[in-house]
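In case you want the letters, here they are:
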Amino acid sequence: AGTDTLHRMPTLALQRLVAQFAAYDRRTVGLVSFDDFVATLRRLGRRDGKAFGTDAIVQMWQMADLDRSDSVDFNEFVHMLHGHGVRANGQASEQDSSHLEQGGGLGRL
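Please read these numbers as outputs of a predicted model, since none were measured by experiment. (Residues numbered from 1 in each chain as written. Predicted model: local features only at pLDDT ≥ 70, side-chain atom pairs only at ≥ 80, totals over all residues. Heavy atoms only, no water.)

We now examine the pattern of salt bridges. Applying the stated criterion across every chain yields a total of three salt bridges. Close ionic contact of D36 with R27 constitutes a salt bridge, the shortest N to O distance being 3.3 Å. In this structure, the salt-bridge partner of D48 is R46, at a minimum N-O distance of 2.4 Å. One network of salt bridges, in which partners are shared, links R26, R27 and D36. (Salt bridge = Lys/Arg side-chain N within 4 Å of Asp/Glu carboxyl O.)

This next bit is on the packing of aromatic side chains. Taken as a whole and judged by the stated rule, the model has six aromatic pairs. Here the aromatic rings of F34 and W61 are separated by 5.3 Å at their centres, their planes lie at 80°, and the arrangement is edge-to-face. On the criterion of sequence distance, the pair formed by F34 in helix α3 (residues 34-44) and W61 in helix α4 (residues 54-64) is long-range, its members being 27 residues apart. The exposure class assigned to F34 is buried, which follows from its relative accessible area of 2%. According to the relative accessible area criterion, W61 is buried, its value standing at 3%. (Phe/Tyr/Trp six-rings, centres within 6.5 Å; stacked < 30°, edge-to-face > 60°. Helix = DSSP H or I, 4+ residues; strand = E, 2+ residues; numbered from the N terminus. Buried < 20%, exposed > 50% of the residue type's maximum accessible area, 1.4 Å probe, protein only.)

Inspection of the secondary structure puts M60 in helix α4. Along the primary structure M60 and M80 are separated by 20 residues, whereas in three dimensions their C-alpha atoms are 7.5 Å apart.

Moving on to α3. Taken residue by residue, α3 has F34, D36, F37, V38, T40 and L41 as its buried positions. Positive phi shows up at G45, right after α3, with a value of about 70°.

This brings us to the confidence of the model for the protein. Confidence in the prediction of the protein, expressed as mean pLDDT, is 76, and 71% of residues score 70 or more. This stretch, residues 85-109, has a pLDDT under 50; its non-local contacts, to residues over four places away or in other chains, come to 51 contacts. (pLDDT = per-residue confidence, 0-100. Contact = heavy atoms within 4.5 Å.)

Moving on, we get to the nonpolar core. In terms of nonpolar packing, the biggest core is built from 21 residues, with F37, L41 and M80 touching the most fellow members. Taken together, the elements giving at least two residues each to this core come down to α2 (11-24), α3, α4 and α5 (74-84). In terms of residue count, the dominant contributor to this core is α4 (six residues). Beyond its immediate sequence surroundings of up to four residues, L41 is in contact with Y24, F52, I57 and M60. (Core = buried A, V, L, I, M, F, W, Y, C linked by side-chain atoms within 4.5 Å.)

Rendered as structure tokens:
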């Protein structure tokens, strides 16, 4: 989601995104590390009450870290949530399977 998309969002929706990002940005530096991403997903769990599996977490991270910088900024976070979509079960949507490639941080789970 580009900044153009963010400018068109209603204020309440943007405030919710900022709050969601803040839950992941545990060090409050404007970036989400892989470790913070994992810890937050494990703390929050899935909508169905189950825990996220390692494969689902890795897929979501790879979708989120678009520039492969080993961190996710706000724009990448919004893109993950709204650009690609993540199913309630934590799996990447079918169309994103080609976007997923082995990336950093896999051994830290």
